[in-house]
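Okay, here's what each chain looks like letter by letter:
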Amino acid sequence: MIKVVRGNPTPEELAAALAVVQARAAAAPTAPSGATGTRDAWADPARVALARRPSPGPTSWARTYWPA
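Thresholds, definitions, all that
- Residue numbers run consecutively from 1 along every chain, following the written order of its sequence.
- Predicted model: local features are reported for residues with pLDDT of at least 70 only, side-chain atom pairs are reported and counted for 80 or more only, and whole-chain, interface and lining totals are derived from all residues.
- The basis for every side-chain value is the complete set of heavy atoms in the structure, and neither hydrogens nor water enter the calculation.
- To qualify as a helix, a DSSP run of H or I must reach at least 4 residues; to qualify as a strand, a run of E must reach at least 2; elements of each kind are numbered from the N terminus.
- Accessibility here uses a 1.4 Å probe with only protein chains present; expressed as a share of the type maximum, an area under 20% marks a residue as buried, one over 50% as exposed, and anything in between as partly exposed.
- Method for areas: the Shrake-Rupley scheme with a 1.4 Å probe, in which residue coverage is limited to the protein chains shown.

### Concerning the overall build of the chain
Turning to step 1, where the next piece is worked out: Summing up its helical and strand segments, the chain has 2 helices and 0 strands in all.
Turning to step 2, where the next piece is worked out: Going through the 68 residues of the chain one by one, you find that 4% of them count as buried.
Turning to step 3, where the next piece is worked out: As displayed, the chain offers around 6300 Å² of accessible surface, 62% of which is attributable to carbon and sulfur atoms.

Next up, the structure:
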């Protein structure tokens, strides 16, 4: 349901606004049936960070940006 909160649109203006909303809804990409929104473990940056934990030494500053 769409509700006009302010103003007094004409029927033509309201029809134009609804046409835009319907066109945007129809053009919205749909997720493939197999997509769950989770990423594979190999693409997880935390996996790489576990192997590159900072350790004391002259180059330890280079590894400090990796998540823990």
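### Regarding the environment of Leu18
Turning to step 1, where the next piece is worked out: With respect to the helices, strands and loops of the structure, Leu18 is situated in helix H1 (residues 11–27).
Turning to step 2, where the next piece is worked out: Note: C-alpha distance between Leu18 and Ile2 (16 residues apart in sequence) is 8.7 Å.

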